[in-house]
Amino acid sequence: MTTVLAVVLSLVFLPLGLAKLAAAPVMRQAAAHLGMSVRLYRVVGALEVAGVAGLLTGLAWTPLGVAAATGLALLMAAAAAVHLRHGDPLPRAVPAAVVALISLAYTATAMAAG
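Parameters at a glance
Residues numbered from 1 in each chain as written. Predicted model: local features only at pLDDT ≥ 70, side-chain atom pairs only at ≥ 80, totals over all residues. Heavy atoms only, no water. Helix = DSSP H or I, 4+ residues; strand = E, 2+ residues; numbered from the N terminus. Buried < 20%, exposed > 50% of the residue type's maximum accessible area, 1.4 Å probe, protein only. Contact = heavy atoms within 4.5 Å. 1 Å grid on protein atoms, 1.4 Å probe; cavity = no way out; pocket = protein on both sides within 12 Å on 5 of 7 lines; lining within 4 Å. Points joined across faces, edges and corners; volume = space filled by probe spheres on them. Patch = residues over 30% accessible without salt bridge, like charges linked within 9 Å, V, L, I, M, F, W, Y side chains within 5 Å. Areas by Shrake-Rupley, 256 points an atom, 1.4 Å probe, with all protein chains shown as cover. Salt bridge = Lys/Arg side-chain N within 4 Å of Asp/Glu carboxyl O.

Some remarks on the environment of Ala68
Item 1. Structurally, Ala68 can be placed in helix α4 (residues 62-85).
Item 2. Look at Ala68 and you get buried, because its relative accessible area is 11%.
Item 3. Beyond its immediate chain neighbours, meaning those up to four positions away, Ala68 contacts Gly51, Gly54 and Leu55.

A closer look at the layout of surface pockets
Item 1. Volume-wise, the largest pocket comes out at about 550 Å³.
Item 2. Lining the largest pocket are 22 residues, and of these Lys20, Tyr41, Met76, Ala79 and His83 sit closest to its centre.
Item 3. Looking at the lining of the largest pocket, the elements with two or more residues in it are α1 (2-21), α2 (25-33), α3 (38-57), α4 and α5 (90-113).
Item 4. In terms of residues, the lining of the largest pocket owes the most to one element, α4, which gives six residues.

Re a nonpolar patch on the surface
Item 1. A cluster of nonpolar side chains, namely Met1, Val4, Val8, Val12 and Leu16, defines an oily patch on the protein surface of about 430 Å² accessible area.
Item 2. With respect to the helices and strands, Val12 occurs in helix α1.
Item 3. Among the residues examined, Val12 registers a relative accessible area of 30% and is labelled partly exposed.

Rendered as structure tokens:
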């Protein structure tokens, strides 16, 4: 189960993180909508890509995967809060909250597996 969750999370975070790092137009628009600089959005993208590396490495060394998943969960909880703080409707914050919960599920299954 841990492997499946790591792959699912990687497939979510890698393209989004790379798009933020590349400052793709849609990501520039998202940053502007949230009142964030492109530079800060690139930092978020770097954290997402680092999280993916940690998740995948965590398949061989569990503590790193747990740390990465926990960090991604915190990042997504913050993302949901930022959406709500900027007046976005609840459905705009739900994807970030769901991915945060999936990240926590990875953490729980990885820790249970030992």
